[in-house]
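# Topology and contacts: notes
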Amino acid sequence: MTSYPDLSQGSPGSGPELKSPDELLADLDPEQRQVARQVSGPLCVLAGAGTGKTRAITYRIAYGVATEAFAPTSLLAVTFTARAAGEMRERLAALGVHGVQARTFHAAALRQLSFFWPTVVGGNFPPLVKQKGNLVAAAAHDEGIDVDRVAIRDLAAEVEWAKVSMITPEQYVDAAVQADRIPPTNMSPETVSSILRRYEAVKSDNGVIDFEDVLLMTVGMLQQRPDIAKRIRSQYRNFVVDEYQDVSKLQQQLLDLWLGERNDLCVVGDVAQTIYSFTGATPHYLSSFAQRYEGARTVVLNRDYRSSPEIVTVANRILVSSPGGMMQGAVQLKSHAPSGPKPSFSTFHDDETEAEQVAEQIKELYEDGLPLSQIAVLFRTNAQSQAIEQALTAAGIGYVMRGGEEFFHRGDVRAAITAFQNLANSEADGDTATFMRESVRGAGWTETAPETQGAVRERWDALNALYTLAKDRAAEGVHPDALAKELKERMQAQHAPTVEGVTLSTIHAAKGLEWEAVFLIGVREGLLPISMAKTEAAIAEERRLFYVAVTRARSILRISYAQSRSGGRGKNKRSHFLAPLWPERTKSSSTPSASASPRERARMAARQFEEDASTDSLERFTQLKAWRRKLSDEMSKPAFTIFADVTLREIALEDPQTLTQLGQLRGIGDTKLSLWGEEVLDLLAELRGDK
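Residues numbered from 1 in each chain as written. Predicted model: local features only at pLDDT ≥ 70, side-chain atom pairs only at ≥ 80, totals over all residues. Heavy atoms only, no water.

The name an unreviewed UniProt entry assigns to the protein is DNA 3'-5' helicase, from the organism Boudabousia marimammalium. You can read under Sequence similarities (unreviewed entry) in the UniProt record for the protein the words "Belongs to the helicase family. UvrD subfamily." (UniProt positions renumbered as here; feature names shortened; annotations may be inferred.)

Below you can see the structure in the form of structure tokens.
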């Protein structure tokens, strides 16, 4: 009988030697030490952002191996991204642990399913479809429904949500209503249900399977073939699941089947970082772990080693300000990082101004010595990136769009790596950096960076990242063969080298990452929380998304929003999530008492305007006052009889562009509008550069 394959990474004896149990424990803080010591039975680790959860679980594995509590090949560590799995394998190898399988749910299930496929089904394993778009479009077409690219994307998301939630097409309508799902534009739940049903038929007709099928089929295999389930359980006796707050119903069922009747399971997660509910993820399994596993122990990691005390204060306030108080199950952080500058909160007139000011601040940080790779600009939606991309390009600042083309999928990168591998194989002796310089040159790299941005600069940055990695490894004495092996492992784990440039990313794509400085832009109503968030649950998820964004920063955090879209009026309101965070003013400076005189009230209103208004609004107010003063002198009448200061401030804030818009502001009646309306609009147009 064919034995189940050994899924180890690396071989014992290569790399550093495994430390003794006492040495391993000495590297940990008290709570991490508790995690490491429990090497059997159910363990739930509630780990706040930046608290060293990966360190805790990798040391737990190393401690278990060092004490011979389990063999490395008997443990399966499950993560949610290939990058996280690769990082875990690297950390374990650095600790002298080899043979642990660290994989995503899909990768682990695919390995098992494909191995047993000849026995369970017979024949060749079906092709795996990585992108559902064409199949979804074909299913919609068969149902007589016209769909554009956006609708296809949304329908693909519904396919994935339904399948990981273990909802059949027939169950979709009731389930979608119960879960407050928003179907793609102009589609009813019944229409989506029919497309889901047809999608399965199209997939079957083409003889292919999707990623969700891998999990579903593995579950079915383990349920229907006790002999196979027994063989898999005999190999994997201990389990670790990272980011446990993100498991779906389907993933939990697979985990239950892997475990069988055993309970040697360690899960790690953070309720406050649940941001993928729309994909079927649920924190329920994390929050109910102690109830589901008898004798389960819970350890809380709350020592934040990433973010400064000032940033941690902001993060904790986000959690505490949840409706009803502290977010249930969340971890309140305690910073153990050096103190830093206070987070800043800024209001800008429009998106363009916000982007320009952020680019200017990034330039200042870079000139002060902070590498661009340690700076990120985060936003809620991809559409927000356009303004900041333009501003960075205008400022001559390189950037990397996270979520764009994956590093190792770039043709130029793959060509350079292939050339390097050929040089390493053909020449016994050679310099690692020199070999890589020749390789990247052949793929389009030059000694100096191109002055243009866009695709040309992106190619140079990617190739330069390879060259920089090679130079670093050469300085460490690494032979070309060793770097070639490292690059192969990096490609498998999608662990790209650092590209020198500012990272632009949605908050979702930034999860699990960190930077020295983070600019969080567009924090306004309609974006964060997003306008589609109508229910309490949806708004709570948006708050968690805000928390994730804030906790990406180590020492510098700058939060901002724009009062209007570029060229528009000031209609946007800052996010209500910012209410407990926005710098407070003293009562005497901004909030007049009931007994305050009219003059005192006017003075306080003026001070509040100066504190709140953007630079553009302040300039408009100054120019409007100068215009009014001139008109007052010409007419020999008091200035306030033309327009009161409060009216000029309103005009400065709103920046109206038509008489109708101007007439809607307080203090402007028909008479004043007819007398001076055109003059005011001409002045404002001149200040905007429209004339």
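Turning our attention to the packing of aromatic side chains. On inspection of all chains with the given rule, the structure shows 15 aromatic pairs. Ring plane angle 5° and centroid distance 6.0 Å describe the contact between Phe105 and Trp258, whose orientation is recorded as stacked. In this pair, Phe105 sits in helix α5 (residues 105–120) while Trp258 sits in helix α12 (residues 249–259), placing the two residues 153 residues apart along the sequence. Per residue, the accessibility class of Phe105 equals that of Trp258, and both read buried. Geometrically, the ring pair formed by Phe345 and Trp582 is tilted, given 5.8 Å between the ring centres and 55° between the ring planes. (Phe/Tyr/Trp six-rings, centres within 6.5 Å; stacked < 30°, edge-to-face > 60°. Helix = DSSP H or I, 4+ residues; strand = E, 2+ residues; numbered from the N terminus. Buried < 20%, exposed > 50% of the residue type's maximum accessible area, 1.4 Å probe, protein only.)

Once that is clear, we can look at the packing of α5 against helix α10 (residues 211–224). In the contact formed by α5 and α10, the axes pass within 9 Å of each other and the chain directions differ by 60°. When the axes of α5 and α10 are compared, the pair comes out oblique. In this structure, α5 meets α10 at a crossing whose hand is left-handed. On α10, the residues that touch Phe105, His106, Ala109, Leu110, Gln112, Leu113, Phe116, Trp117 and Val120 of α5 are Phe211, Glu212, Val214, Leu215, Met217, Thr218 and Met221. Each residue belonging to the contact of α5 with α10 can be placed in one class, and the counts come to twelve nonpolar, three polar and one charged. (Axes fitted to C-alpha atoms, helices over the stretch in contact; angles between N-to-C directions. Parallel < 35°, antiparallel > 145°, perpendicular 65-115°, else oblique. Left-handed = near helix turned anticlockwise from the far one by under 90°. Contact = heavy atoms within 4.5 Å. Nonpolar A, V, L, I, M, F, W, Y, C, P; charged D, E, K, R; others polar.)

Turning next to unusual backbone geometry. With an omega of 10°, the peptide bond between Leu528 and Pro529 qualifies as cis. Looking at the secondary structure, you find Pro529 in the loop between β15 (515–520) and α23 (536–550). Not every positive phi belongs to a glycine, and Glu68 is a case in point at roughly 60°. Looking at the secondary structure, you find Glu68 in the loop between α3 (53–66) and β2 (75–79). If you check the backbone angles, Glu243 has positive phi at about 50° while not being a glycine. Along the chain, Glu243 falls in the loop between β6 (238–241) and α12.

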